[in-house]
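# Working through the structure, step by step
So you can see what is in the structure, the chains are spelled out below.
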Amino acid sequence: MVAKAHVKGLAQYKEMYERSTSDPDAFWAEQADAVHWEKKWTPPLCQSNIDVENGPVHISWFVGAETNVAYNCLDRHIEAGLGDRVAMYWEGNDEGEERVLTYSELKSMVCRIANYLKSLGVKRGSDVTMYMSLVPELPAAMLACARIGAVHSVVFGGFSAEALSGRILDSQPNVVITSSGTMRGPKPIGLKAIVDDALEICEKHGHTVQHVLVLEQLPLAEVGGSMKPGRDVTWREAVDSQSDECPVEWLPAEAPLFKLYTSGSTGKPKGVLHTTAGYMLGALVTTKYVFDLQPATDVYWCTADCGWITGHTYVAYGPMLLGATQVLFEGVPTWPDAGRCWSIVDKYKVTIVYTAPTAIRALHAKGDAYVTRYSRASLRLLGSVGEPINPEAWRWYHQVVGGGRCPIVDTWWQTETGAHMITPLPGATPLKPGSATLPFFGVEPVVLDDKGNELQGPCEGVLCIKKPWPSMMRTVAGDHARFEQTYFSAYKGYYFTGDGCRRDADGYYWITGRVDDVLNVSGHRIGTAEVESALVEHPSCVEAAVVGVEHPIKGQSIYAFVTLMTGVEPNDTLRKELIATVRKIIGPFAAPDIIHWAPGLPKTRSGKIMRRVLRKIAAKEEDQLGDTSTLADPSVVQVLVELRGK
Ligand code: ATP
Ligand code: MG
């Protein structure tokens, strides 16, 4: 693999990194050759101000250029003779449900959707909201918007009507694209019924959606919801009859591409706005280098839903910008059993898998047999995103899933950053389990102390980024003041990530958790990730979440929620062993005072632990949970309350 890798070793990475930061214009201009520009930019490549003291924050890249992301994802490959290459192998929720789409077929679908949208008056700058499961029609609808300059806002098809209505009211679309409903694992989900309820809420707040396009999956009679005459149309009647050709709209580099609401781990989701050219390049370049993707031979599979940024950059855009073949999976990793992912790997000869620590830990808990019953011989690279991956989970992923032969790319980035920021390059970056390793090209991370001073060498503090990068968000939709306040006010002159991190003697970055979650015990500042990873080292612990609770002497004491491996029963010996494990790995000061058994943890719908909810449970203030609209399963709160003190 290393022989044909895009970056062949650490020395080459360092040389390219050096150039990307010392001469970013030359570096990005060279990378920009990979795509079609209808019109070239006028230098300089980046025009920006990120220091609030120097006036309003603004970021522009490739000013003066015109391009189109959908053209670069589809037409460019077809014109190069690759129209018959498989763009997507789609695997449905139930085994045996499958579809295959070539690049040409996908382009036709995209054009039909685009023509339908145009017939409704959707044009440059119009907002379109999507609320669907992961079917090919979803990325196709995203690309249809990109083709005509409309701005998509995908809302994960697991959100409630209330949460969906909030996002619709924020972006005020005239059109919503949805499906009748589908199965998620063993459970039917009535997507259209949820849209109906959401639109009713929107009406009450004065916004009327004029058109709802409904993909026919499960019959409405089975899953609920109804078709409102004049507003709702089925895919078959509206889209299938449209022409397969739709001219590309050439768009300025900074034309808005999409809005996406963050996952809400820390509070109310923000409508993150990304634009055309910089985002496109960030998606392309990271997909190419971080997954070392070889479009002619790889079969790539990112398990994320298009409702999250990972599903935008690494399902809808990145792989298609490269002309790669990918797997799209509508279902869940544990249906019909915990071996599903590895059965999919064998079925499509998947070479690259990209998933989240929450899934890795959930599958680890079920035992190795679900993995080892499949060959997985095609795999050559594994990826992780979304949360810090505990070293123990990393090792399981590496040894059991990857058979010890596949590098793991632990990619740190955010909805706001658009693309990977700190990540290994496979074959080039020596790995350390639990570290996202080194910055990607053009990214200049800094670690700051509380006062905003840049720390040098090995250190621990707040992670900020020094200079704008192409795929950076441009604003919070409709609220530029919130954008400046959230990301540029705490540390003047830097982009503030909200995450804490440690840099070791090799210059490697270790994300220690969110700054809001940092623990302060007897004057020691401790990141949540470090204590949690120590707990997960215990063979019976599969997942842990720690929070601080008020303590009269120490300031805060550590309160740990612990999920055990399937089949392990909690008892006092185990409690003592878990505490001893933390004492041994980190030190006595980090030992939790309380272990709270947690059959499940409160998570966002993208699978991230919501520690702010746990803080309330630990403090017996579960009546003050705040915004829980992004909580995946609200019932875990009650279960945890009942187990308190047990
Ligand atoms: P909100 O901003 O609304 O609270 P969120 O931060 O969970 O939600 P995302 O943009 O989906 O929304 O997640 C980005 C965050 O996820 C990062 O700031 C970081 O805390 C965490 N994260 C992502 N990837 C990694 C990783 N590889 N290692 C450690 N943490 C990660
Ligand atoms: Mg965030």
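Residues numbered from 1 in each chain as written. Chains lettered and ligands numbered in written order. Predicted model: local features only at pLDDT ≥ 70, side-chain atom pairs only at ≥ 80, totals over all residues. Heavy atoms only, no water.

As named in an unreviewed UniProt entry, the protein chain is acetate--CoA ligase, taken from Chlamydomonas schloesseri. Under the Sequence similarities (unreviewed entry) heading, UniProt states for the protein chain: "Belongs to the ATP-dependent AMP-binding enzyme family." (UniProt positions renumbered as here; feature names shortened; annotations may be inferred.)

Right, let's get into the UniProt feature "domain: AMP-binding enzyme C-terminal" (unreviewed entry) in the protein chain. With numbering aligned to this structure, UniProt lists the feature "domain: AMP-binding enzyme C-terminal" (unreviewed entry) at residues 530-608. Helix makes up 27% of residues 530-608 and strand 32%. Its end C-alpha atoms lie 16 Å apart. (Helix = DSSP H or I, 4+ residues; strand = E, 2+ residues; numbered from the N terminus.)

Okay, the site of ligand 1 next. Taken together, 20 residues surround ligand 1, and among them T262, S265, T266, T415 and K608 come closest. D410 places a side-chain nitrogen or oxygen 2.7 Å from a nitrogen atom of ligand 1. A distance of 2.6 Å separates an oxygen atom of ligand 1 from a polar atom in the side chain of K608. Protein chains shield 94% of the accessible area of ligand 1, which is 640 Å² for the free molecule. (Near = heavy atom within 4 Å. Polar contact = N/O pair within 3.5 Å; in protein donor to acceptor, adjacent residues only side chain to side chain. Areas by Shrake-Rupley, 256 points an atom, 1.4 Å probe, with all protein chains shown as cover.)

Quick look at the sheet that holds strand β16 (residues 299-302) now. An order of β5-β4-β17-β16-β18-β19-β20 is seen for the 7 strands of this open sheet, with the pairing classed as mixed. The open sheet is flanked by β5 (98-102) and β20 (408-410), the only strands paired with a single partner. Sheet twist, expressed as the mean angle between neighbouring strand axes with direction ignored, is 15°. Relative to strand β17 (residues 325-329), β16 runs parallel, the two being bridged by 3 bridges. Each residue of the ladder has a partner; that of Y300, found in β17, is Q326. On the sheet, helix α4 (residues 103-119) packs against β4 (86-91) and β5 and is oriented at approximately 90° with respect to β5. (Pairing = 2+ DSSP bridges. Axes fitted to C-alpha atoms, helices over the stretch in contact; angles between N-to-C directions. Contact = heavy atoms within 4.5 Å.)

A common way to express how large an interface is: the accessible area buried when the components associate. According to the domain assignment, the protein chain contains domain 1 (107-252) and domain 2 (522-643). The gap between the C-alpha centroids of domain 1 and domain 2 is 39 Å. (Domains from an automatic or database assignment.)

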